[in-house]
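One letter stands for each residue in the lines below.
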Amino acid sequence: MIRPLRTALMVAVIALPLAACGGRGNKAVARTDLAASKVTTIGVNAYLWRASLDTLSFMPLVQTDSNGGVIVTDWYVNPQVPTERMKVTVSILDQDLRADAVRVAALREVNRNGQWVSAPVAAATTQKLEDVILTRARDLRRASIAG
């Protein structure tokens, strides 16, 4: 007899404050929170995913996994620098739109005497790609909230 009474009391203590949250004044807040990241059928943040695809759209894609949050490009040769090629991997690590939720890795090769040889990638290159993706993701998020 005491156990059911205690359970009912705990339910009342938890449910009463939650019932006060359902007012009409919170609709804008709820819509904004949903737009932040959680309205998605993929496993990662939808804005970061879309922004990554947009940013890498000029490169041929080898693999895209929206549940795992991985985008892998094929080798890309810039027509203005035909002796150099790049390959990029973007990993989206979280469902929230955060700066540390996207990681870019790049490989670079240069053509020496007809052979592609590994070359270092400047840290600023991967950082710049991450910044472009994050900026685009924020723009997409702002547009979805405003529209």
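Above: the structure in question.
Note that the structure is a prediction, hence the values are computed from the model and not measured. (Residues numbered from 1 in each chain as written. Predicted model: local features only at pLDDT ≥ 70, side-chain atom pairs only at ≥ 80, totals over all residues. Heavy atoms only, no water.)

Let's shift gears to the layout of surface pockets. Considered as a void within the structure, the largest pocket measures approximately 200 Å³ in volume. Phe58, Met59, Tyr76, Asn78, Val81, Glu84, Arg85, Met86, Val88, Thr125 and Leu129 together form the lining of the largest pocket. For the lining of the largest pocket, the secondary structure elements donating two or more residues are β4 (84-92) and α4 (123-146). At four residues, the largest contribution of residues to the lining of the largest pocket is made by β4. Tallied by class, residues from the lining of the largest pocket come to seven nonpolar, two polar and two charged. (1 Å grid on protein atoms, 1.4 Å probe; cavity = no way out; pocket = protein on both sides within 12 Å on 5 of 7 lines; lining within 4 Å. Points joined across faces, edges and corners; volume = space filled by probe spheres on them. Helix = DSSP H or I, 4+ residues; strand = E, 2+ residues; numbered from the N terminus. Nonpolar A, V, L, I, M, F, W, Y, C, P; charged D, E, K, R; others polar.)

Another point: the pairing of strand β1 (residues 61-65). Judged from the four bridges that link them, β1 and strand β2 (residues 70-73) form a sheet pairing that is antiparallel. Within β2, the residue paired with Asp65 across the bridge is Val70. (Pairing = 2+ DSSP bridges.)

Here the focus is the packing of helix α3 (residues 46-55) against α4. Between α3 and α4, the shortest axis-to-axis distance is 8 Å and the interhelical angle comes to 125 degrees. Looking at the two axes, α3 sits oblique to α4. Crossing handedness for the pair α3 and α4: right-handed. Contacts from Tyr47, Leu48, Arg50, Ala51, Ser52, Asp54 and Thr55 of α3 reach α4 at Leu129, Val132, Ile133, Leu134, Arg136, Ala137, Leu140, Arg141 and Ser144. Its residues assigned to classes, the contact of α3 with α4 comprises nine nonpolar, three polar and four charged. (Axes fitted to C-alpha atoms, helices over the stretch in contact; angles between N-to-C directions. Parallel < 35°, antiparallel > 145°, perpendicular 65-115°, else oblique. Left-handed = near helix turned anticlockwise from the far one by under 90°. Contact = heavy atoms within 4.5 Å.)

A negative phi angle characterises most non-glycine residues, just as the trans form characterises most peptide bonds. A positive phi is found at Asn113, a non-glycine position, where the angle reads about 55 degrees. The residue Asn113 is located in the loop between β5 (102-112) and β6 (115-119) in this model. The class for Asn113 is exposed, based on a relative accessible area of 82%. (Buried < 20%, exposed > 50% of the residue type's maximum accessible area, 1.4 Å probe, protein only.)

Across all of its chains, the model carries one aromatic pair by this definition. Geometrically, the ring pair formed by Phe58 and Tyr76 is edge-to-face, given 5.0 Å between the ring centres and 80 degrees between the ring planes. Here Tyr76 lies in strand β3 (residues 76-77) and Phe58 lies in the loop between α3 and β1, a separation of 18 residues in the sequence. Note on Tyr76: relative accessible area 23%, which makes it partly exposed. Above the face of the Trp75 ring, Arg85 is positioned so that its terminal group lies 4.4 Å from the ring centre. (Phe/Tyr/Trp six-rings, centres within 6.5 Å; stacked < 30°, edge-to-face > 60°. Lys NZ or Arg CZ within 6 Å of the ring centre and 35° of its normal.)

Okay, the pattern of salt bridges next. The tally for this structure, following the rule as stated, stands at seven salt bridges. One salt bridge connects Arg85 with Glu109, and the closest N-O pair in it is separated by 2.6 Å. Here Arg85 is found in strand β4, whereas its partner Glu109 is found in strand β5, with 24 residues between them in sequence. (Salt bridge = Lys/Arg side-chain N within 4 Å of Asp/Glu carboxyl O.)

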